[in-house]
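A look at the structure
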Amino acid sequence: MKIYIIGIGLIGGSMALDIKSLHPEAIVCGIDSNESHLQEAIALGVVDVAGNMEDLASADFVIVSVPVDVAMVVLPTVLDAIGDNTIVFEVGSTKMPICEAVASHPKRRNFIATHPIAGTEFSGPSAAIKGLFQGKTNIICEVEKTTFKLQEKALELFKSIGMRIRYMDPKSHDKHIAYVSHLSHISSFMLGKTVIDKEKHEQDIFDMAGSGFESTVRLAKSSPAMWTPIFKQNRKQVVKTLEEYISNLSKFKELLEKEDYDAIYNEMQSVNKIKEILNGINVKK
Ligand code: NAP
């Protein structure tokens, strides 16, 4: 089995590690515009060798795991270069623009649009983790547009690395993911900003920062190079979620100004049901 990974960072690298451990006979070739990432990936054993775009015709799988703006440009070129039996999948955090970018490509049936709901705040090949996808959901969009035989090949791979499959249309994906992922990142970035701005004047603030602050601000360590194009591509949905979030923040502030502690209590109590929702999700996993 020959696998090409284009963009050997957290996601591509973690896929490579799982595939290599499940299929020791597989040759995993890495392609990355960042030469030091490529060399690091080889040195860490994340990939076996450096690959070439010209050789994609011999690939069984091509995994495109680059920032979403880059994926729009790279994907058509990849599809031009692959063989008839190659399956290409892309793992970006937005799905509508990417599905549109390949909609009329003659090799559209060799492509499957995915979003593995797994990750960390770290980037690059050194961030790759074996087992990252175990028990996680892989959202697949427009599955009917992929040749059945190649769909089966991809699904077998996803299941073998422990992923549950969820089918969704690209528009619904982008709408829902704006709430549970994109908004969480903005909220974390802006929490970090609020505290950093204050810290300029009050050095002590970080001595008082407990694990609550650390876990809430974790996503603010994420890569701006990855997140800016995601916000750009999903701008409309993200703006809508931000309006709703800002309105909730403003209402909370008003309650505090009015010293309406019963309302504040009730507001927080009603949101406590997130415990059951998240427990339910963890039980399903
Ligand atoms: P990453 O760790 O930054 O890895 C991306 C790699 O692609 C980097 O080595 C990057 O090099 C390289 N690259 C950039 N432009 C390229 C090009 N034109 N050709 C080849 N390689 C190129 O990013 P990641 O976290 O794995 O994310 C990859 C994709 O997965 C993104 O589309 C993201 O939306 C999606 N995703 C991420 C997560 C997450 O939690 N991180 C979860 C699910 C899905 P440079 O660093 O030099 O740019």
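Just so it is clear, the structure is predicted and the values come from calculations on it, not from any experiment.

**Brief notes about the pairing of strand β8 (residues 164-168)**
One ladder, built from 5 bridges, connects strand β7 (residues 137-141) with β8; its direction is parallel. Residue pairing for β8: threonine 137 is matched across the bridge by arginine 164. This β-α-β element, β7 to helix α5 (residues 148-160) to β8, shows right-handed connectivity.

**Some details on the site of the ligand**
Taken together, 25 residues lie near the ligand, and Asp32, His37, Val66, Ser93 and Gly124 sit nearest. A distance of 2.7 Å is found between an oxygen atom of the ligand and a side-chain nitrogen or oxygen belonging to aspartate 32. Asparagine 34 is positioned such that a nitrogen or oxygen atom in its side chain is 2.8 Å from an oxygen atom of the ligand. Among the residues making up the shell around the ligand, the classes are represented as 11 nonpolar, 13 polar and 1 charged.

**Some words on the side chain of threonine 94**
Locating threonine 94 in the fold gives a position in the loop between β5 (87-90) and α4 (96-102). Among residues more than four places away in sequence, those in contact with threonine 94 are Val68, His173, Asp174, His182, Ile230, Gln233 and Asn234.

**Section: the nonpolar core**
One finds Ile63, Phe89 and Phe133 to be the most contacted residues of the largest nonpolar core, which totals 35 residues. Residue assignment for this core shows that the elements contributing at least two residues are β1 (2-6), α1 (10-22), α2 (35-43), β4 (61-64), β5 and α5. At 6 residues, the largest contribution of residues to this core is made by α1. Setting aside residues no more than four positions away along its own chain, isoleucine 63 makes contact with Ile3, Tyr4, Ile5, Ile6, Met15, Ile19, Phe89 and Val91.

**Focus on the domain arrangement of the protein**
Domain parsing of the protein yields domain 1 (2-169) and domain 2 (172-284). Computed over C-alpha atoms, the centres of domain 1 and domain 2 are 30 Å apart. If you look at the interface, domain 1 gives 20 residues, while domain 2 gives 15 residues. When the buried surface of domain 1 facing domain 2 is broken down by residue, Ser93, Thr94 and Glu121 rank first, second and third, together holding 35% of it.

**Notes on the pattern of salt bridges**
Tallied over the full model, the rule gives 9 salt bridges. Taking the shortest distance from any N to any O, the salt bridge between lysine 20 and aspartate 48 comes out at 2.5 Å. Here aspartate 48 lies in the loop between α2 and β3 (49-50) and lysine 20 lies in helix α1, a separation of 28 residues in the sequence. Here lysine 193 makes a salt bridge to aspartate 197, at a shortest N to O gap of 3.5 Å. Of the two residues, lysine 193 and aspartate 197 both sit in helix α6 (residues 170-199), 4 residues apart, roughly one turn of that helix. On the basis of relative accessible area, lysine 193 is assigned to the partly exposed category, the value being 45%. Classification of aspartate 197 as partly exposed rests on a relative accessible area of 31%. Residues joined by salt bridges that share partners form a network here, namely Arg108, Glu142 and Lys145.

**What about the packing of aromatic side chains?**
Under the criterion given, the structure shown has 2 aromatic pairs. The interplanar angle of 80 degrees and the centroid separation of 4.8 Å between the aromatic rings of phenylalanine 89 and phenylalanine 158 together place this pair among those described as edge-to-face. Of this pair, phenylalanine 89 sits in strand β5 while phenylalanine 158 sits in helix α5, placing them 69 residues apart in sequence. Each ring, one from tryptophan 227 and one from phenylalanine 231, has its centre 5.5 Å from the other, and the planes form 40 degrees; the classification is tilted. Of the two residues, tryptophan 227 and phenylalanine 231 are both situated in helix α8 (residues 224-233); the distance of 4 residues between them amounts to about one turn of the helix. Take tryptophan 227: its relative accessible area is 5%, and that puts it in the buried class.

About the thresholds
- Residues numbered from 1 in each chain as written.
- Predicted model: local features only at pLDDT ≥ 70, side-chain atom pairs only at ≥ 80, totals over all residues.
- Heavy atoms only, no water.
- Pairing = 2+ DSSP bridges.
- Helix = DSSP H or I, 4+ residues; strand = E, 2+ residues; numbered from the N terminus.
- Right-handed = clockwise from strand over helix to strand, strands pointing away.
- Near = heavy atom within 4 Å.
- Polar contact = N/O pair within 3.5 Å; in protein donor to acceptor, adjacent residues only side chain to side chain.
- Nonpolar A, V, L, I, M, F, W, Y, C, P; charged D, E, K, R; others polar.
- Contact = heavy atoms within 4.5 Å.
- Core = buried A, V, L, I, M, F, W, Y, C linked by side-chain atoms within 4.5 Å.
- Buried < 20%, exposed > 50% of the residue type's maximum accessible area, 1.4 Å probe, protein only.
- Domains from an automatic or database assignment.
- Buried area = accessible area lost by both parts, 1.4 Å probe.
- Salt bridge = Lys/Arg side-chain N within 4 Å of Asp/Glu carboxyl O.
- Phe/Tyr/Trp six-rings, centres within 6.5 Å; stacked < 30°, edge-to-face > 60°.

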